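So you can see what is in the structure, the chains are spelled out below.
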Amino acid sequence: DPRGIAFDATGSAYVSDGTANRLYRIDATSSAPVNVTVSGDPLNTPRGIAFGSDGLYVANYGANNVLRIVMNEAANTGASTVFKEGFSFPWGVAFDSVGNLYVTNNAGNSVYRWHKDSNTLAPYATMPSPGGVVADRAGYIYAVDNTSNNLYRITPLGDSSIYASGVSSPTGIVKVGNILYVLSSTNDSLMTVDPTTTAVGTLARGFNNPHGLAYDGDRDCFYVGSVGNGTIARVDRTTGAATTLLTGLGSQATGIAYRAGRLYVRSGASVRSYDVTNFAAAPLSYSSVMNSNRGLAKDTSASANSGSYYIASGAGRILRIVGDGTSYNSVDGNNRMIVFKENDANLTNPRDIAVDGSGNVWVINQASGGGSLLAYRPDGTLFRGPITSGINNPLGLNIAGTKVWVANYDAKTVTSYDTTTGNLVDTLPTTDNPRNLSFFGSDIYLVTNAGVGKIATYATTPTYSLIYTATGAGYNDIEVKSDGSIHVMNNGIRKIAADLSGDTFDYPNYDAPHFFWQDATGQLWITDSRRFTNRGTGGYAYRLIGATAGPSGGQYLAGVDSNGHVYFNSSSQCSHDVVARIKAGPPQEEWSYDSSYSCDYARVGSFTADNLGNFYYTDYKGLYLKKVDAGGTVSSISGTGVGREYTTKGSWIEPDGSVLYQSVTSHHRIDRLTISGSSATRNTQPYGLSAAEM
């Protein structure tokens, strides 16, 4: 961990090791470092070093002091004593031409000077987070702010000002003409970069951890989203003058987009679109159609909708998920989520759902002391109901053969209805309050307020008994596996052994889970409050679709392509690379996710779009770049499988899709990707200082 370097009069180099607490000497005629044995006051995370007239001076960062070491080069030893103390994490040391010593006081945001003639130590200048320091012959001191990586110059009178800036921790990025405009999140600036000459300048300062950047060519201005204070400002491209437009956005100003007179901004699980000529006007809102999910079922009939999943969702909706029947994991016309029914007076509070052999969709409306049962044909027209006979606060339903069965919580009954006529057929009493039901052999298994119950031989001589007491706060749903084990929903899935000897917490990582559905292979498909999830058989939960309120530890992003499709990410922690888009026209949602499971970071880092209908997104961790074409096909363009140590937070692509610029925030650089088909050539170029020391 080399931290500081200094040369003595013979040309030997001395290097401090901040981790090993050592000092090394490299002889002028040799490249091999030799450990210098230091006695006396110990080295403690040494950083900057400098030679004075009477020894080597060390910024002893961990001990908050400066050491003086008298060297014996022949013996490779040194005797150390405390020269000055009382600092707050001293970082760098330097002597001027007359022998005065300067010490950067990193945590104290100041620079101290020891005056040689008066032997006094006093504060000399103030600046943020000073690190490395050096003095010139004219009496000026130069110190690096190692948070923003700005270089400050301090006059002989102790006045400090920014002398030079680099693009430190770049986030949002756009290109106008031949100039790149880049947000620097650590120095709160909008920078200019000439890719040809690499010249760096500053257009505007005074933001607060800026991340989101969009360019409005009609008004020749930028929109800048600051995460630190939750604002969006308009910046004139000619003068750099900034005007605040929106406030109170919090961290949702990380990813913004502009197209055709409207600014797109993330707002929780939705995207708001503002008229840029009138920000006071109510914005348009684009939201995931999936929210407050409850029951689900798959259509296994021979109907036109066979293979679709149906979900009883919030806002009086029934959703239909169209897919390939297995993975539902690409953004294309064959994988999408559409609103099957909404704005229907019959859908008052949909709770659970089932599909019969003709493809009719049965749903219960929950209501304490009441409720109803109804059915829709595959084309969405009403088939039966609302049916109220025998219904009393229904919480679950299922279908067996030609009957649809309902669990009535308040009445403590299970009732059945003919799937052709809708007529009430059976009323089976229980002694508990049933929440949902599943069939296994000749028995009905129930989850109740008390645990798991069973109606034995329900079709002939039904007899009810409570067979397993609930663990925790009770269960919402139940599925019996082919081996007789029982899966119940209880803020996650609990698995009850077939012999009822006990239960285990199978997988807890859901967001307010409610219901699940078991397919023919034994896999469990699950709804939680905002997602449709496959539990699978291997132990992982895949968040296939549905937007979360926002990513955990990542970027809140909004995007729009040239077709008017609105994009947002749902990359919560412990999830996949999820991007959803709301298509223009009738409400429907499409999605994409990366199949490589990860549970340590939120993965979507930035959005950008060309003018050909293609949309691009980068990963938050890594150098991934993915393309979604106008038809919805997702392809990896660059970086697949590499670079988890990298963090990227911004991208911009040429209108013709030929070149993309990607800000690599963690490494203080901007990458230029030349795209050809489904691949790209990456060139990297740092435009400033990175963790600078002197």
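Here we summarise the structure given alongside this text. Note that the structure is a prediction, hence the values are computed from the model and not measured.

Rules used in this analysis
Residues numbered from 1 in each chain as written. Predicted model: local features only at pLDDT ≥ 70, side-chain atom pairs only at ≥ 80, totals over all residues. Heavy atoms only, no water. Helix = DSSP H or I, 4+ residues; strand = E, 2+ residues; numbered from the N terminus. Buried < 20%, exposed > 50% of the residue type's maximum accessible area, 1.4 Å probe, protein only. Contact = heavy atoms within 4.5 Å. Areas by Shrake-Rupley, 256 points an atom, 1.4 Å probe, with all protein chains shown as cover. Core = buried A, V, L, I, M, F, W, Y, C linked by side-chain atoms within 4.5 Å. Phe/Tyr/Trp six-rings, centres within 6.5 Å; stacked < 30°, edge-to-face > 60°. Lys NZ or Arg CZ within 6 Å of the ring centre and 35° of its normal.

**Examining the overall build of the protein**
- From N to C terminus, the protein includes zero helices and 64 strands.
- Within the protein, buried positions represent 55% of all 694 residues.
- Considering only contacts in the protein between residues 6 or more positions apart, those separated by 24 or more positions represent 41%.
- Accessible area of the protein: about 26,100 Å², with a carbon and sulfur share of 47%.

**Concerning unusual backbone geometry**
- Each neighbour pair has its own omega, and for Gly385 with Pro386 the value is 5 degrees, a cis peptide bond.
- Within the fold, Pro386 resides in strand β36 (residues 382-387).
- Phi at Asn209 is positive, roughly 55 degrees, even though this residue is not glycine.
- Within the secondary structure layout, Asn209 lies in the loop between β20 (200-205) and β21 (210-216).
- On the basis of relative accessibility, which here comes to 28%, the residue Asn209 falls in the partly exposed class.
- For Leu500, which is not glycine, the phi dihedral falls at a positive 65 degrees.

**A look at the nonpolar core**
- Ranked by size, the top nonpolar core spans 24 residues in total, and within it Leu296, Ile318 and Phe532 carry the most contacts.
- Going through the elements one at a time, β29 (296-298), β30 (309-313), β31 (317-322), β32 (336-341), β33 (350-355), β34 (361-365), β35 (372-376) and β49 (515-518) are the ones with two or more residues in this core.
- Among residues more than four places away in sequence, those in contact with Leu296 are Tyr309, Tyr310, Ile311, Asp352, Ile353, Phe515, Phe516, Trp517, Trp525, Ile526, Thr527 and Phe532.
- Formed by 23 residues, the second largest nonpolar core is a distinct cluster that contains Val174, Met191, Phe207 and Ala233.

**Concerning the packing of aromatic side chains**
- Applying the stated rule across the entire model yields 25 aromatic pairs.
- Taken together, a centroid distance of 6.1 Å and an interplanar angle of 25 degrees make the contact between Tyr223 and Tyr258 stacked. On the criterion of sequence distance, the pair formed by Tyr223 in strand β22 (residues 221-226) and Tyr258 in strand β25 (residues 256-259) is long-range, its members being 35 residues apart.
- Ring-pair connections join several aromatic residues into one group, and the members of that group are Tyr57, Phe83, Phe95 and Trp114.
- A cation over an aromatic ring shows up here: Arg153 above the ring of Tyr140, its NZ or CZ 4.6 Å from the ring centre.

In short, geometric facts, not functional conclusions.
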